[in-house]
Amino acid sequence: MSAARDMLCDTARAVFTGASDIAPVEEAGFALLLIPEAEGGFGGDWGDVDAVLQIAGVTVPDLPVAELILADADDRLRAAATVSLMAGAMGQALALSIEHVNMRQQFGRLLGKFQAVQQSLAVMACEVRAVEAAAAALAARLDAVGRDPSAADFEIAAAKLRANRAVGVVTAVAHQVHGAIGFTEEYDLHRVTIPLMRWRGAHGNDAHWAQILGRQAAGLGGRGLWEAITARGA
Amino acid sequence: MQGFALYPFDPPGDAAALRTDLRAWLAANQPAGDVVARANCWASFDANFSRALGAAGYVGMTLPTRYGGGDRHPLERYVVIEELLAAGAPVGAHWIADRQTGPLILRYGSEEQRQRYLPGIARGELYACIGLSEPGAGSDLAAVRTSARETAEGWRINGQKIWTTGAHFSHIMLALVRTEEGSERNAGLSQLLIDLDTPGITIRPIIDMAGHHDFNEVFFDDVLVPHGALVGERGQGWKQVTAELGLERSGPERYLSSHALLVALIDAAGPAPDPALATLIGELTAEIWTLRQLSMSTAAKLAAGEDPMVEASVVKELGNAFEQDMPRRVQAIIDRDWDDGDDLARLLRALLIASPSFSLRGGTREVIRGIIARGLGLR
């Protein structure tokens, strides 16, 4: 990460942590993130948006940070922003789960020492990594095409669909390894799992994006799909 | 394993031109072949194709030119590999030598070994197999018992390997053996490069449930190989093998080896599929796109000299799950009988039968998940 992005992330963490409404986020100038420097903005790119929204997905999942940054953007860009929120929240669900199983003991051992628990968390971690990769690759595409959602339609559909499909495993395993404590209002897990359930249906659920992507792939044909995927990146 | 960053996949030179050239070369040189051979194509043996591919400079690409290689960047090789797999090219003969054995000989081998083996590998003419599993050492690889004792004449090998893919057509085996008498577990192991025409070696086929002969039993009865057969450091075999498995686990073959089925499905569905079929195609497309990003990032990390053991395992786990899931989901939705003769039905049948092996070869699902769990700090 660049030094500028590191600083941006430090600011985001400091401002978001403990914020109970959007006012401090507005005051810190996050609405200017994507505004060019020449127009008095921060001049950020989608990689910056991805990084900030991953932090928002962990710290303030219920505040409209993405709406603030994107203003009146196309709904497909809101879908892209949601992928970053989801990646952040999933990373947090995984971190909380690891912390819990490395602390909680049953049958005289840490939960994390049981193979059944290890295998479940490995499955969950794979899903989280897949969504993080999807968010990062989508950001790279959006930045390569000047944030034109029509030029990144394939990647937006693929990334949002992949993120949606990870929600089931990620929330289920996180809650399962936490046991009853994770189902309480007091414990932080629901602060990311309920938003994940909500985001799955926001800005295009599975069926919405699968139809769009499936028709696009079918239109390209079997060989054409591969040629399109490789032509679009690397 | 916190904070997974996507490594930029940025091969030097003109990757698009490399891709275009290879596609043109394949159009002219890839044998028509059977559609079923295109699926699981890294197990399809075709020595003529391997030789032609080597002559065209697409085998041993990353080896230095002084050993007959192309001195190309690992990510240029990655581009070539994904194109070969996506096209279903029969790369099985030289696959292991090109992917694993060549790079390992370059990294750990002696100058004599490099000169002796690498040019043949780069020509697509010298094939290799990996001698790891034994009857008592499957997932538990540290239980290897095949022994090699150093004598005045050389190493004397006794024991047995099993599930050795391609031993019947390979010229050499890179074997993990116990060189230190009385050693246990992952200590005292070394790697030996064994010419398979050495007296005392017996290779017997094991036919798999699909009726194919891919793997073998290999017996060593007082086999004498020269002192120079040792690869790398004596006693460091475990470390060397572990590094090798990173190369094995994260490549594009983990999600592209049955790509022919997706191609056939899309072609059979036509340009305007019904909603259920469009949904399936969309979900499979999202998965290969994501897997490709993960795999490319892991390859870039490997190329940068890092050791992304956990990321490589994530690619293998997700890729295996995808490739096992795909034929089941295709069968659930398309209207084909088991014995139908069109491409889609034949591919489907072949991949349903082959699919149990996907999460066994290269490390079982349970072992792979254990590696990921260790990366998470749970073991």
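Above this text sits the structure in question.
This report concerns the structure included in the present document. (Residues numbered from 1 in each chain as written. Chains lettered and ligands numbered in written order. Predicted model: local features only at pLDDT ≥ 70, side-chain atom pairs only at ≥ 80, totals over all residues. Heavy atoms only, no water.)

### Here we look at the nonpolar core
Formed by 162 residues in total, the largest nonpolar core has its most connected members in Phe16(A), Trp46(A), Val65(A) and Leu84(B). A per-element tally of this core places helix 6 (residues 115-144) of chain A first, with 16 residues. Not counting the four nearest positions on each side in its chain, Trp46(A) is found in contact with Leu34(A), Leu70(A), Leu77(A), Ala80(A), Ala81(A), Ala139(A), Leu142(A), Asp143(A) and Arg147(A). Ranked by size, the runner-up nonpolar core spans 18 residues in total, among them Leu192(B), Ile194(B), Ile201(B) and Val218(B). (Core = buried A, V, L, I, M, F, W, Y, C linked by side-chain atoms within 4.5 Å. Buried < 20%, exposed > 50% of the residue type's maximum accessible area, 1.4 Å probe, protein only. Helix = DSSP H or I, 4+ residues; strand = E, 2+ residues; numbered from the N terminus. Contact = heavy atoms within 4.5 Å.)

### Examining the packing of helix 9 (residues 259-269) of chain B against helix 12 (residues 343-354) of chain B
Residue and element names in this part refer to chain B. Two numbers describe how helix 9 lies on helix 12: the axes approach to 9 Å, and their chain directions differ by 150°. It follows from the interaxial angle that helix 9 and helix 12 lie roughly antiparallel. The crossing of helix 9 and helix 12 is left-handed. Where helix 9 approaches helix 12, its residues Ala260, Leu261, Ala264, Leu265 and Ala268 are matched on the opposing element by Leu344, Leu347, Leu348 and Leu351. Along the lines of polarity and charge, the residues of the contact of helix 9 with helix 12 split into nine nonpolar, no polar and no charged. (Axes fitted to C-alpha atoms, helices over the stretch in contact; angles between N-to-C directions. Parallel < 35°, antiparallel > 145°, perpendicular 65-115°, else oblique. Left-handed = near helix turned anticlockwise from the far one by under 90°. Nonpolar A, V, L, I, M, F, W, Y, C, P; charged D, E, K, R; others polar.)

### Things to note about the state of the cysteines
This structure, assessed with the given rule, holds zero disulfides over all chains. There is no disulfide at Cys129(B), and the cysteine sulfur nearest it, in Cys41(B), is 20 Å away. (Disulfide = S-S within 2.5 Å.)

### Brief notes about the pattern of salt bridges
Applying the stated criterion to the full structure yields 40 salt bridges over all chains. Residue Glu227(A) is joined to Arg223(A) by a salt bridge in which the shortest nitrogen-to-oxygen separation is 3.3 Å. Of the two residues, Glu227(A) and Arg223(A) are both situated in helix 10 (residues 222-232); the distance of four residues between them amounts to about one turn of the helix. Looking at Glu227(A), the relative accessible area reads 34%, which means it is partly exposed. A salt bridge links Arg336(B) to Asp342(B); the nearest nitrogen and oxygen atoms lie 2.8 Å apart. (Salt bridge = Lys/Arg side-chain N within 4 Å of Asp/Glu carboxyl O.)

### Remarks on helix 1 (residues 3-16) of chain A
Residues and elements named next belong to chain A. Across its 14 residues, helix 1 extends 20 Å between first and last C-alpha, which sits within 8% of the 20 Å expected from 1.5 Å per residue. Restricting attention to buried positions, one finds in helix 1 the residues Arg5, Leu8, Cys9, Ala12, Val15 and Phe16. The arc that holds every buried residue of helix 1, seen down its axis, measures 135°, which confines them to one face. Opposite its buried face, helix 1 presents the exposed residues Ala3, Met7 and Ala14, each directed more than 90 degrees away. Against the buried residues of helix 1 lie helix 2 (23-27), helix 3 (46-59) and helix 4 (65-70). Two residues or fewer past helix 1, Gly18 is found with a positive phi of approximately 85°. (Expected span 1.5 Å × (residues − 1). Arc of directions from axis to C-beta.)

So, to be careful, I would describe these as geometric facts and stop short of saying anything about function.
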